[in-house]
Every structure is written in C-alpha cells, then in structure tokens.
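# Structural overview for review
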Amino acid sequence: RKEVEQDPGPFNVPEGATVAFNCTYSNSASQSFFWYRQDCRKEPKLLMSVYSSGNEDGRFTAQLNRASQYISLLIRDSKLSDSATYLCVVTRGGGNEKLTFGTGTRLTIIP
Amino acid sequence: NAGVTQTPKFQVLKTGQSMTLQCAQDMNHNSMYWYRQDPGMGLRLIYYSASEGTTDKGEVPNGYNVSRLNKREFSLRLESAAPSQTSVYFCASSELGGGAYNEQFFGPGTRLTVL
C-alpha cells in the first residue's frame, strides 16, 4: 500500500462548480499535512497546511480526519486558474519530519 | 530575491556520462532537499541536508551523490548516468527541518534525459 494515495483524476469541472478531493495516508504516526499545487511543467507550491480543526483560506477548505486517516480539499466557486495538479503531502511522523508526496490529482476547470 | 534557482533547466546525457545539478537559495534557509519526479509517482526524496555541513540519504539515493557547499548551495551529482535516471529533478529548501507547518520552497526543476 502506498504511504499516500490520491485519485489521479482527471477531474473536469465547470467553472463556478464546487469540487472536492480526498487523500488517504497509511502511517498513523504522521503529524503534519499539506496540500501543494503544481501547474503543468512547473514546481510544486504550498497551497495550504491542514490543521486538526480544519481550516479555510478563501475558496479553499481543508479537513483532516485522523480516525480514518484521510485529508480533503474543497474548492468552491472554481476558477479557470484553479486548473492544476493538487498534491497531498504528509510527514512521516515518529520524529521524522521529511515529506511524503502523493502522486497528485489533476483538475481541469472548463469554461 | 530569486528564491530557489537550479541549473541547468534541461540536459541530455548519454549512458555513463556524469554531470552535476546545481541549486542555490537566497532565503537563508537551513535545510535543502533534492527530489525526483516521475510520471505516476509522487516526488521522491533523493538526499537532503538538514543544515550546512550535513547530508543524509532519502528514499532513492542510489546512483547519486550530493555536496552542501555552503548554506546557500546544494549540488546533486550523477557519476555514471543511467536511463533509469531520466526524470525531472527538483531542489527545495525550508527554514527548519521541514514538515510541521514549515513550507518547502521549490526550484523550477531540471529535466534530464539519459539516452
């Protein structure tokens, strides 16, 4: 089983719609969780950290469910500029703070 | 403030050739990382340097060596390139040891093809 699993998509969503992705992780000792965004042929960039209580940043909401070992990302009122690959990232835990990356979920917003 | 820079952007090598990928950051970060990204796989850590003067192996270190030249620069060397090393290589840096809400900043990547 992969340490971090994501549905690769692609998700093709009309502009203005709401879209949600989930990501599951296998290591119950993981402590920190993130969503990164990667545009085509570009480097990954941090979109948002995921806090235990859930957090929101504008149109983006991230949730963590430790019991079921998954994190989610919700995008409301999607824009064309949201088209990208979204990477789920977790730390390995157990004092090991190195990052493990999922393979990413590809999102295309359709006009 | 350029952030993280990498050279070269593209490279084609023949099997058995050697080369060094250069990375520099101007954010005064302590930690630096080298990743590779292949289709269908997440970014995988090759080597990292938690602080100047230290380096450690990541998930996929075989066939690579690194040098933390100073706080700013972290290079990745392929001594004898193999087709399996065809990939996109990203350098990253972070202020502390990574994780724990500590953002990693990535360079633009080097696209390497080994024939």
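Procedures and definitions
Residues numbered from 1 in each chain as written. Chains lettered and ligands numbered in written order. Predicted model: local features only at pLDDT ≥ 70, side-chain atom pairs only at ≥ 80, totals over all residues. Heavy atoms only, no water. Pairing = 2+ DSSP bridges. Helix = DSSP H or I, 4+ residues; strand = E, 2+ residues; numbered from the N terminus. Axes fitted to C-alpha atoms, helices over the stretch in contact; angles between N-to-C directions. Contact = heavy atoms within 4.5 Å. Buried < 20%, exposed > 50% of the residue type's maximum accessible area, 1.4 Å probe, protein only. Salt bridge = Lys/Arg side-chain N within 4 Å of Asp/Glu carboxyl O.

Residues and elements named next belong to chain A. One open sheet accounts for 5 strands, arranged β1-β3-β8-β7-β6; its pairing is antiparallel. The two strands at the open ends of the sheet, each matched to only one other strand, are β1 (4-6) and β6 (55-57). Going across the sheet, the axis of each strand differs from the next one's by a mean of 20 degrees, ignoring polarity.

All names here are of chain B. If you trace the 4 strands from one edge of the open sheet to the other, you get β1-β3-β8-β7, paired in antiparallel fashion. Bordering the open sheet on either side are β1 (4-7) and β7 (64-68), each of which pairs with just one other strand. Pairs of neighbouring strands in the sheet enclose a mean axial angle of 15 degrees, with direction left out of account. Sheet topology places β7 next to strand β8 (residues 74-78); 5 bridges connect them, and they run antiparallel. Its bridge partner being in β8, Y64 is matched across the sheet by L78.

So, on to the environment of Y70 of chain A. All names here are of chain A. Inspection of the secondary structure assignment puts Y70 in strand β8 (residues 70-75). Spatially, the C-alpha atom of Y70 lies 19 Å from that of L107, the residues being 37 residues apart in sequence. Setting aside anything within four residues of it in sequence, one finds Y70 in contact with N22, C23, T24, Y25, Q63, L64 and N65.

A separate point is the side chain of T100 of chain A. Looking at the element boundaries, T100 of chain A is found in strand β10 (residues 96-101). Once residues lying within four places of it in the same chain are set aside, the contact partners of T100 of chain A are E3, V4, C88, V89, V90 and R92 of chain A.

Turning to the pairing of strand β11 (residues 110-114) of chain B, a few remarks are in order. All names here are of chain B. Counting buried positions along β11 yields 4 of 5 residues, so the element is predominantly enclosed. Where strand β2 (residues 10-13) lies against β11, 4 bridges are found, and the strand directions are parallel. Across the sheet, residue V12 finds its bridge partner in β11, namely T113. Summarising the sheet, strand β9 (residues 87-94) and β11 pair through 3 bridges and their orientation is antiparallel. Across the sheet, the residue bridging to V88 is R111, located in β11.

Under the defined criterion, the tally for this structure stands at 7 salt bridges over all chains. Between R37 of chain A and D39 of chain A there is a salt bridge, with the nearest N and O atoms lying 2.8 Å from each other. Look at D39 of chain A and you get partly exposed, because its relative accessible area is 31%. Among the ionic pairs, D38 of chain B bridges to R36 of chain B, the shortest N-O distance being 2.9 Å. Given a relative accessible area of 11%, D38 of chain B falls into the buried group.

By themselves, these figures tell us nothing about what the structure is for.
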